[in-house]
Structure formats: structure tokens, C-alpha cells
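The lines below spell out each chain.
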Amino acid sequence: EHQKYIRNFSIVAHIDHGKSTLADRILEMTDTVAKRDMQNQLLDDMELERERGITIKLNAVELKYHAKDGHDYEFHLIDTPGHVDFSYEVSRSLAACEGAVLVVDAAQGVEAQTLANVYLAIDDDLEIVPVINKIDLPSARPDMVKKEVEDIIGIDADNAVLASAKKGIGIEDLLERIVEEVPAPTGDLDAPLKALVFDSVYDDYRGVVLSVRLEDGVVKPGDKIRLMNSGSEYEVTEVGVNSPHPVQREYLMAGDVGYITASIKDINQTRVGDTVTNANNPAEEALPGYREMEPMVYSGLYPTDNAKFTDLRESLEKLKLNDAALEFEPESSQALGFGFRCGFLGMLHMDVVQERLEREFNLDLITTAPSVTYHFFTTDGNRKDVENPSEMPDASEIKSVEEPYVNATVMVPNDYVGAVMELCQSRRGQFDTMEYIDDYRVNIMYSIPLSEIIFDFFDKLKSTTRGYASLDYELGDYKPSDLVKIDILLNGEKVDALSFISHRQFSASRARIIVEKLKKIIPRQNFEIPVQAAIGAKVIARTNIKAYRKDVTAHLYGGDRTRRMKLLEKQKAGKKRMKAVGKVDIPQAAFMAVLQTD
Ligand code: GDP
Ligand code: MG
């Protein structure tokens, strides 16, 4: 019967190893997309993904493949992101599949997220189909990479598919391997409906669109469904698949990956990981769902226009449907007014959320500097968890402090071991172990404060190893620390949104760097602005922003109209992301200045 000819698989890999390009070739080869409609990384359809050249969201498509055994197969392919901040997208995708295509760059070999992602797939008991990609590159070394896959990951790579997604080599080979090796879904068509919600998105017209993988049963328009965890019930209005554009279907059945709409307008009732079942004939147990992600960093998001607070709330709720790792709760700041404290999986995630809110929901936002969650043990015997520096208890009330550490693994060629260790050490890292992977590469394990790794560590790591190192990390334990809060005063007034927490050892040097940065970033006004950094009442660094003398455009006399206009335009654009605090205009960049370490 029909299920025998279904194959569900995800494509996983380290970032840039060619997942999305491979998906392109598969779409092409199976005539899912006509040649004239083809474009590079077609599934990266979000504007932001195209601009940055990275995959941010998982993307599920259905395609038909006529195999050499003479049968027509239905493939559900899920392209996934490779960046560590989006591994939640990967793990949710894998839960909808029986197989994973593991792409490894033939020149780069196995890297940190190759391992992290393939282990997720192995944990889910998926069949792994290894692909050595980019064999067209002069620096390709497919045999060595095969050996790496075997030695490091421990899966058989002897008959790994050798491919070039760019040149279209090895694609048919891969499709045949998927047919042969990825198991067909099993699942009972006659049992009550049981479908895993692995993603969702809000659509103004159709309401919430649920991306689902059916484990059992059938679903069709008109059916009464229930979301098992939330308990809410709806009538199905449409079911279908993406191919890659939405195509309506008469029904979806056990083994299928597709979408369901049911005029769901109440956003808070839907959550990824929930199970869809029949309302009249419900399944006994919900599917296990997903573990909740714990944010790594928090920052404040504030509308530049205070009147947009409610808009921001609604936008965050809608965005959360499509970004399950996003967390938020209301907070307020003396300087910035009402906004939200948001939790993110990393800096790239934070950046993407701000960009998506601004583009997709038409908001202008100020983001405050990100902070990790610190534990403050106070003299009254309590523990206060602080993710907003301005809420740090008074020094006199603090008994002890703990900060989160991560277990970091740096994969690097031998030659760079010294450089990597020096960097980790300078970030207060504690050496754990070192393992030789093969003759020329090592895994270096460190325990490093999360606050030291999350901001610019990766860039520094890349530059000290000429791009050869790759990094993976997971949250570890909390450990004792010696922290102080540094306040910033502008024009004598404390700006709460600029406060930050620093290790005591680095407080003086960081305070100096930051007041100098602020001096450069904050535009001059018609009066002098003192900039001070203070711990409690004690000022530890200071400088002044001089008053400006005249209109910047004044020296461009009337004749040079276009230049003058351009300059005014530029000033206006710069103004956009600016917040007036007291008499001082503070641009977005000022809030991020506290992240600068040199
Ligand atoms: P992803 O991050 O894994 O999705 O990788 P992409 O598909 O976005 O590809 C990353 C880069 O590698 C792009 O510049 C691609 O053009 C390039 N690329 C992908 N496959 C190949 C290949 O087979 N050969 C070569 N030379 N480049 C490739
Ligand atoms: Mg990609």
C-alpha cells in the first residue's frame, strides 16, 4: 500500500557544507521546480535568509521521485539550519523523519555542528545517509573525509554518496540511496489521528498554519480536531503539502508531512510539540513532543515609539508561533519605557528576532545589551535570578554570586592548539580535556563562562585559527563568581538600560572602553554631556561629549542641494533607531557598546 512509497528525511550538516544547495538539486532533479523558476537556495525563502545566505528556518517540501525500481515515491524533505543558535529547528525536524541525509564538505571535513547535528539524528534512531559534498573543489579530499566520518562519528561511510551539489553530481545516486535505506513510515491508518506539530506560522487570513507529521490516522477538511495539550478544538478548513508552494490535498494520512489550517485565531492555544487528534475519537496519549529550550541570553526589546507597545506584544506572540525558542515577558525601564525582556538561544537568534519584528511586523525597536542569567544569593537566604542588570540586588544585600558556564568543544588542527588555549584562558576558561581526533586534529574541551563565549568569542576564535576552528557548546553548571554592576550616567543621570554586569577583575578596563565608545556613538548636542561609569556611588571612568558648534549642513551652501539632501537623509535614517532619554538622544549602537571588549 501507499505508505511503502513514502520517505521522510531531513538534511543536516555544519553551516555552509551545502545543505540548501543540495536541496536545490533535488528539487530540480525531481522536477518539483521548473528550471526557469529555479534560484539558488530556493528553500531559503525568507528575505533575511537570502540576504545573509544562511538558513534560519526549517523548511519541509514534498516531491515525487520515479525510482529505478519503477515505482513512484513521495519524498518529504526538510532542509535545516546549521548554526548552533538554530539547533532547535533541527531537532524538531528530525522528529518528523525516519532518515537524515548527513552532508559533509569534502574540503572541510567533519566540523563541530556536523557532530552536534548527527548526534541529534542518532539519538532519534534515524537512518543516516552520509553524503560527501563539494567533490568538485580542488581541495576536496573525499577519502580522508570518509575516514573522518567513520572515525569521529562512528557510522559506516564506505559507500557514502560522493556529490557536488553545485555541479549536480551524485544527486540521483543519493535519491536511490534514500529509497533503499530510509525506512518507510509505519503508522496505523485506521487508528485515531495522531499528528505532531513541528512548526507553525501565523497567517492573517487563514489563522495559524500548523506544520504536522502524521503518525497515525487520517485528517481532512471538515474534521473536528483537538490539540491534546491545550485542549482546544477546531474544524479543519484545509490540509495540504508544500511543493514548495502550498498545494491543497483532499486528506493527509499516517506517514505524511504537511500542513493543517483550522481558522485558529487564538495564538496562545498553539504550541509546537503538541499533538493533533480527532475531537470525537481522540488518541489515548499525546506524542512526547519536545523539550522546552532554555534561553542562553536575554535582552530588552523596546519600541522606539512608546505607543507601539501593544503592537510589539501582538507581534511577539505571532512571531513565537514561527520561532518556538523565543521567550518574552513584559518589563519596564526608566529610560526606555515599556517593553519586553526576551530570551534567545544566542546572538544570531537575537539579531534575527529583531530583524524579523522590524520587517515582518513593521516595528522600530531598540534592543538593550544582552545578558545571561546570574544567580544572586542574598543575605536573607534567598536566591534571586537576574537576567536584567538593572535588577541586580544592592551590593550590601549580596552574599554570593554564581554565573552560568558552558561546556565548549573546539575542534581545531594541531597547529592552533596553543592559540585556542590562550584565547580560552583569557576568557576565564577552565581547561577540561583534549582529545586527538586523528593525526592532525584535536578536540579541546573547556568550561567557559557563558557571558564570555556568547558575544564575540566565535569571531575571535575564527580569526586566531584562520577559520579552521569550529565550536560547539552546551549549557553546563553554575559556578561562583565575583561580579559587579556598572552603571552608566549621561548628563549626570543614570540610564538603567545601559547598566551591565561585569567580572570585578575587568570592571575598570571595560568601564574605560565603554565610556570612550559612547562618546563616539552618541551624537553631539548643543550642550556638553558628561559620560560616567560608576559602581554604586563610585565613578570609575568618565569623559565628555563636547557640544556641537553649528549645523552639520551649514557649510554646504545652497548650490549643492543634492549633497545637502543626502546628508539630511542620512541623518534622518540614523535618527530612526534612536531613543530620547532625558535631554540626550541615544542611538541603538550605544546599547550594544557594552559588549565591546577592545
Ligand atoms: P548550507 O549552509 O549547508 O545550507 O550551505 P549552502 O547550500 O547555503 O551552501 C554554502 C556555500 O557552499 C554556497 O556558497 C554554495 O554555493 C557552496 N556549495 C554548495 N555545494 C557546493 C558544491 O558541491 N561545490 C562547491 N564548490 N560549492 C558548493
Ligand atoms: Mg542552508
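Parameters and conventions
Residues numbered from 1 in each chain as written. Chains lettered and ligands numbered in written order. Predicted model: local features only at pLDDT ≥ 70, side-chain atom pairs only at ≥ 80, totals over all residues. Heavy atoms only, no water. Helix = DSSP H or I, 4+ residues; strand = E, 2+ residues; numbered from the N terminus. Expected span 1.5 Å × (residues − 1). Buried < 20%, exposed > 50% of the residue type's maximum accessible area, 1.4 Å probe, protein only. Core = buried A, V, L, I, M, F, W, Y, C linked by side-chain atoms within 4.5 Å. Contact = heavy atoms within 4.5 Å. Near = heavy atom within 4 Å. Polar contact = N/O pair within 3.5 Å; in protein donor to acceptor, adjacent residues only side chain to side chain. Areas by Shrake-Rupley, 256 points an atom, 1.4 Å probe, with all protein chains shown as cover. Nonpolar A, V, L, I, M, F, W, Y, C, P; charged D, E, K, R; others polar. Pairing = 2+ DSSP bridges. Axes fitted to C-alpha atoms, helices over the stretch in contact; angles between N-to-C directions. UniProt positions renumbered as here; feature names shortened; annotations may be inferred. 1 Å grid on protein atoms, 1.4 Å probe; cavity = no way out; pocket = protein on both sides within 12 Å on 5 of 7 lines; lining within 4 Å. Patch = residues over 30% accessible without salt bridge, like charges linked within 9 Å, V, L, I, M, F, W, Y side chains within 5 Å. Salt bridge = Lys/Arg side-chain N within 4 Å of Asp/Glu carboxyl O. Donors = N, O, S within 2.8 Å, 3.2 Å for Na, K, Ca; no water. Points joined across faces, edges and corners; volume = space filled by probe spheres on them.

This paragraph deals with helix α4 (residues 112-123). In this model α4 runs 17 Å from its N-terminal to its C-terminal C-alpha over 12 residues, within 8% of the 16 Å that 1.5 Å per residue would give. For α4, every residue scored as buried is listed here: Ala 112, Gln 113, Thr 114, Leu 115, Asn 117, Val 118 and Ala 121. Asp 125 lies just past α4 and shows a positive phi near 60°.

We now examine unusual backbone geometry. In this structure, Pro 244 follows Ser 243 across a cis peptide bond, with omega equal to -15°. Within the fold, Pro 244 resides in the loop between β12 (238-242) and β13 (246-249). Phi at Asp 16 is positive, roughly 75°, even though this residue is not glycine. Looking at where Asp 16 falls in the secondary structure, it is placed in the loop between β1 (6-13) and α1 (19-29). Overall, the relative accessible area of 55% leaves Asp 16 in the exposed class.

Let us now look at the nonpolar core. Of all hydrophobic cores here, the largest spans 78 residues; its most connected members are Leu 357, Ile 453, Leu 490 and Ile 586. Broken down by element, this core gets its largest block of residues, 6 residues, from strand β23 (residues 398-413). If sequence neighbours within four positions are ignored, Ile 453 has contacts with Val 406, Ala 408, Ile 448, Leu 471 and Tyr 473. Membership of the second largest hydrophobic core comes to 40 residues, among which are Tyr 88, Val 110, Ile 132 and Met 293.

Taken together, 16 residues surround ligand 1, and among them Asp 16, Lys 19, Thr 21, Asp 136 and Ala 165 come closest. For ligand 1, an oxygen atom lies 3.0 Å from a polar atom in the backbone of Ser 20. Summarising the interface, the protein chains cover 83% of the accessible area of ligand 1, which totals 580 Å² for the free molecule. No other element matches the 3 residues that α1 contributes to the shell around ligand 1. Grouping the amino acids of the shell around ligand 1 by side-chain chemistry returns 3 nonpolar, 8 polar and 5 charged.

The next subject is the sheet that holds strand β7 (residues 194-203). With antiparallel pairing, 8 strands are arranged side by side in an open sheet as β11-β10-β16-β7-β8-β15-β12-β13. The sheet is open, and its two edges are formed by β11 (233-235) and β13, each paired on a single side. For this sheet, the mean inter-axis angle between neighbouring strands, taken without regard to orientation, is 40°. With respect to the sheet, helix α7 (residues 309-322) is in contact with β7 and β8 (207-216), its orientation differing from that of β7 by roughly 140°.

In the numbering adopted here, UniProt assigns the feature "binding site: GTP" (unreviewed entry) to Asp 16, His 17, Gly 18, Lys 19, Ser 20, Thr 21, Asn 133, Lys 134, Ile 135 and Asp 136. Those annotated residues from the list above that line the second largest pocket are Asp 16, His 17 and Lys 134. Checked against the element boundaries, Gly 18 lands in the loop between β1 and α1. Residue classification places Gly 18 among the buried residues on the basis of a relative accessible area of 13%. Setting aside anything within four residues of it in sequence, one finds Gly 18 in contact with Asn 133, Lys 134 and Ala 165. Mapped onto the elements, Asn 133 comes out in strand β5 (residues 127-133). Apart from the residues within four sequence positions on either side, Asn 133 is in contact with His 17, Gly 18, Val 103, Val 104, Asp 105, Ala 106, Ala 163, Ser 164 and Ala 165. Looking at Asn 133, its side chain comes within polar contact range of the main-chain oxygen of His 17, at 2.9 Å.

We now examine a nonpolar patch on the surface. Together, Phe 431, Met 434 and Tyr 436 make up an exposed nonpolar region whose accessible area comes to about 310 Å². For Tyr 436, the position within the fold is in strand β24 (residues 430-436).

Here we take up the pairing of strand β18 (residues 327-333). Remember that side chains alternate between the two faces of the sheet whenever the strand is regular. As paired strands, β18 and strand β19 (residues 337-344) are joined by 7 bridges and run antiparallel to one another. The residue of β19 that forms the bridge with Phe 328 is Cys 342. Hairpin geometry of β18 and β19 is characterised by an intervening segment of 3 residues between the two adjacent antiparallel strands.

To continue, consider the coordination of the magnesium ion (ligand 2). Taken together, Ser 20 (OG) and Thr 55 (OG1) make up the protein donors of the magnesium ion (ligand 2), found 2.0 to 2.1 Å from the metal. On the criterion of sequence distance, the pair formed by Ser 20 in helix α1 and Thr 55 in the loop between α2 (47-52) and β2 (59-66) is long-range, its members being 35 residues apart. Judged by relative accessible area, Ser 20 falls into the buried class, the value being 9%.

A separate point is the pattern of salt bridges. For the structure on display, the rule yields 36 salt bridges. Measuring nitrogen to oxygen at the nearest pair gives 4.0 Å for the salt bridge that ties Lys 167 to Asp 136. Here Lys 167, found in the loop between β6 (161-162) and α6 (171-181), pairs with Asp 136, found in the loop between β5 and α5 (142-153); they are 31 residues apart in sequence, far enough to count as distant. Here Arg 428 ties to Glu 452 by a salt bridge, and the two come within 3.0 Å at their closest N and O atoms. Placement of the pair is Arg 428 in the loop between α9 (417-426) and β24 and Glu 452 in helix α10 (residues 450-453), with a sequence separation of 24 residues. Just as Arg 428 is buried, Glu 452 falls in that class too. Connected through salt bridges with shared partners, the residues Glu 47, Glu 51, Arg 52, Asp 351, Glu 355 and Arg 359 form a single ionic network.

Turning to the sheet that holds β5, a few remarks are in order. Taken in spatial order, the 6 strands make up an open sheet running β2-β3-β1-β4-β5-β6, and their pairing is mixed. Each edge of the open sheet is held by one strand with a lone partner, namely β2 and β6. With 5 bridges joining them, β1 and strand β4 (residues 99-105) adopt parallel strand pairing. The residue bridging Phe 9 from the neighbouring strand is Gly 99, located in β4. Of the strands in this sheet, β1, β4 and β5 touch α4, which is tilted by about 165° from β4. Across the sheet, α6 touches β1, β2, β3 (72-79), β4, β5 and β6, and the angle it forms with β5 is around 170°.

All right, on to the layout of surface pockets then. With a probe scaled to a water molecule rolled over the atoms, the places where space remains empty come into view. Taken as a whole, the largest pocket holds about 1200 Å³ of empty space. In this structure, the largest pocket is lined by 45 residues; those nearest its centre are Asp 45, Asn 59, Val 201, Asn 242 and Asn 322. Of the residues assigned to the lining of the largest pocket, the class counts are 19 nonpolar, 11 polar and 15 charged. In this structure, the second largest pocket occupies an estimated 920 Å³ of space. Looking at the second largest pocket, it is lined by 40 residues, and the ones nearest its centre are His 83, Leu 348, Phe 455, Phe 458 and Asp 459. Counting residues per element, the ones that place at least two in the lining of the second largest pocket are α8 (347-360), α11 (457-464), β26 (470-481) and α14 (588-592). Of all the elements, α8 adds the most residues to the lining of the second largest pocket, at 6 residues. Considering only residue class, the lining of the second largest pocket consists of 14 nonpolar, 12 polar and 14 charged.

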